[in-house]
Amino acid sequence: MSPATVDLLLSLLAVAAAIGLSLYAAIALPGLASYLGLLELPQPLAGLAAPYVWGTLLGLALLELLISRSRLIDLLWNALHTLARPLAATMFLAAALADGSYAAQWAAGLAGLGVALLAHMAVLAVHTAARTAGPRPAAPGFTALQLSAAAAIGTLAWIAPPIAAAAGAVVVLAPLPWIPRLWGAASLVLLAVHSALSRPGRPRNWDVGPGKLRRALQRAVERELGPLGGSARSVRAVLARLGPRWLYLQGRLVTVAEKPPVFAHRRGLRARVLPLGRGPGVADAGPLVETVEIEAEIPYALCVGPSGPAGPAILAALEGPAGMEPGAREEV
């Protein structure tokens, strides 16, 4: 493999990581730089230097920055780009190798898909956490940083491929130690969008009785609370925060009359139950994803999508005298 081929592959993988951060910023700035004669793009990508192409992309990048100011539109925008960014990376890398074999195009396209998807899921998780119950109530400046990094890596890819590839590797690999939490946060908004589209107009209610609990979760909850009768109610939820820990665990909130609420979830092949305390709370009434925060002995926050009951109904079940201390017998 020639040095030129290695540099091209490094450039393409770096661009795929940049597209995972921002599709429009990653492509717009290299197109503008090529138009100004500051760099040379491969011949199959020469069309990016057309003013109407990079001009449109710059406009979309600016729109992405403006959209980040609106909670609901920001969540929907980034959920939609779960498809757009990886698919764009696939087509971009395949187009860059248009003069090569079909096998090379397919391999490059699939590699771009994977790299862009990993980068995008981390971005989606940060946006979701900032809009729900993450470590901080907001992430000011994150979108500007995201777009700047995408533009820098996307441009550097054609000037210094090894440096750009190293930066792209950091973007993809640095979040991996936190992948369960990132996946929990990213999937929260994706499931909420799916629920909103698949059940429009349906009432938001509790699931009554233990029937909605999978058998393993039901057994785990019964070991904690005893037999579940008709008063048991549950809802699919995400335990976003427990004390100072940022968790984003997918599972079900379960309440039974005169017993402490619990959160049932799976970790690997095991079903686990986390007792939750009672206390005063507040619901943010957020569209698409609603966050309910409870000031129990160990405070926690739950996120519920459009399929679950509204925040006031959840507060009515969780507010009251302090219950069992959460996490007393179970590890997260």
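Look up a bit, the structure's there.
So, a few notes on the structure that sits alongside this text. (Residues numbered from 1 in each chain as written. Predicted model: local features only at pLDDT ≥ 70, side-chain atom pairs only at ≥ 80, totals over all residues. Heavy atoms only, no water.)

Section: the nonpolar core
Counting residues in hydrophobic clusters, the biggest one holds 43 residues, and the most contacted among them are Leu-12, Ile-19, Ile-27, Leu-45, Phe-92 and Trp-158. Those elements that place two or more of their residues in this core are helix H1 (3-21), helix H2 (23-35), helix H3 (51-67), helix H4 (71-96), helix H5 (102-131), helix H6 (142-156) and helix H7 (161-173). By residue number, the principal contributor to this core is H1, which donates 8 residues. Among residues more than four places away in sequence, those in contact with Phe-92 are Leu-12, Val-15, Ile-19, Ile-27, Leu-45, Leu-48 and Trp-158. Judged by nonpolar contacts, the second largest core, of 23 residues, contains Leu-75, Leu-288, Val-289 and Ala-301. (Core = buried A, V, L, I, M, F, W, Y, C linked by side-chain atoms within 4.5 Å. Buried < 20%, exposed > 50% of the residue type's maximum accessible area, 1.4 Å probe, protein only. Helix = DSSP H or I, 4+ residues; strand = E, 2+ residues; numbered from the N terminus. Contact = heavy atoms within 4.5 Å.)

Some points on the environment of Ala-174
Relative to the helices and strands, Ala-174 is located in the loop between H7 and helix H8 (179-198). For the pair formed by Ala-174 and Leu-29, sequence separation is 145 residues and the distance between their alpha carbons is 25 Å.

Considerations on the pattern of salt bridges
Here the structure, examined in full by the defined rule, presents 4 salt bridges. Its salt-bridge partner being Arg-131, residue Asp-74 comes within 3.3 Å of it at the nearest N-O pair. Within this pair, whereas Asp-74 is found in helix H4, its partner Arg-131 is found in helix H5, the two being separated by 57 residues in sequence. (Salt bridge = Lys/Arg side-chain N within 4 Å of Asp/Glu carboxyl O.)

Section: the pairing of strand S5 (residues 270-275)
In terms of burial, S5 is largely enclosed, as 5 of its 6 residues are buried. The pairing of strand S4 (residues 262-267) with S5 spans 6 bridges and is classified as antiparallel. What sits directly across from Arg-267, in S5, is Arg-270. Hairpin connection, S4 to S5: the antiparallel pair is bridged by 2 residues, and Gly-268 has positive phi, about 65 degrees. (Pairing = 2+ DSSP bridges.)

Things to note about the pairing of strand S2 (residues 233-242)
Judged by how many residues are buried, S2 sits mostly within the fold: 8 of 10 residues are covered. Of the strand pairs in this sheet, strand S1 (residues 207-208) and S2 are connected by 2 bridges, and their pairing is antiparallel. For Val-208, the partnering residue across the bridge sits in S2 and is Arg-233. Pairing of S2 with strand S3 (residues 245-255), which is carried by 9 bridges, proceeds in the antiparallel orientation. Note on S3: the bridge partner recorded for Leu-239 is Leu-249. Where S2 folds back onto S3 in an antiparallel hairpin, the turn is made up of 2 residues, including Gly-243, whose phi is positive at roughly 60 degrees. Bridge analysis of S2 against strand S8 (residues 300-304) gives 4 bridges, and the strand direction is antiparallel. By the bridge assignment for S8, Arg-241 is matched with Ala-301.

Observations regarding the side chain of Thr-82
Checked against the element boundaries, Thr-82 lands in helix H4. Discounting chain neighbours no more than four positions away, the residues touching Thr-82 are Leu-117, His-120, Met-121, Leu-124 and Leu-190.

Focus on H8
Taking 1.5 Å of rise per residue, 20 residues should cover 28 Å, and H8 covers 27 Å from first to last C-alpha, within 8% of that figure. Among the residues of H8, Leu-182, Gly-184, Ala-185, Ala-186, Ser-187, Leu-188, Val-189, Ala-192, Val-193 and Ser-195 are the ones counted as buried. Where H8 is buried, its residues meet H4, H5, S2, S3 and S8. (Expected span 1.5 Å × (residues − 1).)

Observations concerning unusual backbone geometry
Positioned with a positive phi, Tyr-248 is a non-glycine residue whose angle comes to about 50 degrees. Along the chain, Tyr-248 falls in strand S3. Non-glycine residue Glu-258 carries a positive phi angle of around 65 degrees. Its place among the elements puts Glu-258 in the loop between S3 and S4. A residue is classified by how much of its surface remains accessible, and Glu-258, at 85% relative accessible area, is exposed.

Observations regarding the packing of aromatic side chains
Taken as a whole, this structure holds 3 aromatic pairs when the rule is applied. Relative to Trp-54, the ring of Tyr-35 lies with its centre 5.5 Å away and its plane at 45 degrees, an arrangement referred to as tilted. Taken together, the residues span a long stretch of sequence, with Tyr-35 in helix H2 and Trp-54 in helix H3 at a distance of 19 residues. Here Tyr-35 falls in the partly exposed class, since its relative accessible area comes to 45%. Of the residues examined, Trp-54 reaches a relative accessible area of 15% and is grouped as buried. (Phe/Tyr/Trp six-rings, centres within 6.5 Å; stacked < 30°, edge-to-face > 60°.)

A closer look at the packing of H1 against H4
It is the contact of H1 with H4, at a shortest axis distance of 9 Å, that shows an interaxial angle of 155 degrees. Compared by their axis directions, H1 and H4 come out roughly antiparallel. Of the two possible hands of crossing, H1 and H4 adopt the one that is right-handed. From H1, Leu-12, Val-15, Ala-16, Ile-19, Gly-20 and Leu-21 reach across to H4, where they touch Arg-85, Ala-88, Ala-89, Phe-92, Leu-93 and Ala-96. (Axes fitted to C-alpha atoms, helices over the stretch in contact; angles between N-to-C directions. Parallel < 35°, antiparallel > 145°, perpendicular 65-115°, else oblique. Left-handed = near helix turned anticlockwise from the far one by under 90°.)

Considering the environment of Leu-8
Structurally, Leu-8 is set in helix H1. Counting along the chain gives 153 residues from Leu-8 to Pro-161, while the straight-line C-alpha distance between them is 7.5 Å. When residues no more than four places from it in sequence are discounted, the contact partners of Leu-8 are Pro-42, Leu-97 and Trp-158.

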